[in-house]
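These are the residues of each chain, in order.
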Amino acid sequence: MGKAKKRSFQLGIYNQFSSLSREEAVKTVVKLLETNDRDADNLITLFGMSAEEVLEAGASYEAVKSKEGLLRQ
């Protein structure tokens, strides 16, 4: 695979969200936590989410506890 094609694929991977509201981000984090996806970490730190708002959105206590170091108190 050429360099240009490789860059295009990487650009597509990292530009999955063109504009994302905070509410949509919280819902996306809950879904990503269910599948144990590493992209949840990026969204948590990008939006500075708290454990309380992720729990209220429907995440399990265990999933939130596993991300304790990333979530605000």
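The structure we're discussing is the one just above.
Residues numbered from 1 in each chain as written. Predicted model: local features only at pLDDT ≥ 70, side-chain atom pairs only at ≥ 80, totals over all residues. Heavy atoms only, no water.

J.: Tell me about the side chain of Glu-53, and please be specific about residues and values.
T.: Structurally, the position occupied by Glu-53 is in helix α4 (residues 51-56). For Glu-53, the side chain forms a polar contact with the main-chain nitrogen of Ser-50, separated by 2.9 Å. Leaving out residues up to four positions away in the same chain, Glu-53 has contacts with Arg-22, Val-26, Gly-48 and Arg-72. (Helix = DSSP H or I, 4+ residues; strand = E, 2+ residues; numbered from the N terminus. Polar contact = N/O pair within 3.5 Å; in protein donor to acceptor, adjacent residues only side chain to side chain. Contact = heavy atoms within 4.5 Å.)

J.: Any details on helix α2 (residues 22-34)? Residues and values, ideally.
T.: Helix length check: α2 (13 residues) gives 19 Å between terminal C-alpha atoms against 18 Å at 1.5 Å per residue, within 8%. All of the buried residues along α2 are Ala-25, Val-26, Thr-28, Val-29, Val-30, Leu-32 and Leu-33. Structurally, α2 contributes buried residues whose contacts are with α3 (39-47), α4 and α5 (61-66). Looking one or two residues past α2, Asn-36 carries a phi angle of roughly 60 degrees, positive in sign. (Expected span 1.5 Å × (residues − 1). Buried < 20%, exposed > 50% of the residue type's maximum accessible area, 1.4 Å probe, protein only.)

J.: Would you mind going over the pattern of salt bridges in detail, with residue names and values included?
T.: Enumeration over the complete set of coordinates arrives at three salt bridges. Put simply, Glu-68 and Lys-65 hold a salt bridge, and the shortest N to O gap is 3.2 Å. Glu-68 sits in the partly exposed class, given a relative accessible area of 41%. The exposure class of Lys-65 is partly exposed, given its relative accessible area of 41%. (Salt bridge = Lys/Arg side-chain N within 4 Å of Asp/Glu carboxyl O.)

J.: Give a detailed account of the nonpolar core, specifying residues and quantitative values.
T.: Val-29, Leu-33, Met-49, Val-54, Ala-59, Val-64 and Leu-71 are the most contacted members of the largest nonpolar core, which totals 16 residues. Residue assignment for this core shows that the elements contributing at least two residues are α2, α3, α4 and α5. In terms of residue count, α2 provides more of this core than any other element does, six residues in total. Residues in contact with Ala-59, not counting those within four places in the same chain, are Val-30, Leu-33, Val-54 and Val-64. (Core = buried A, V, L, I, M, F, W, Y, C linked by side-chain atoms within 4.5 Å.)

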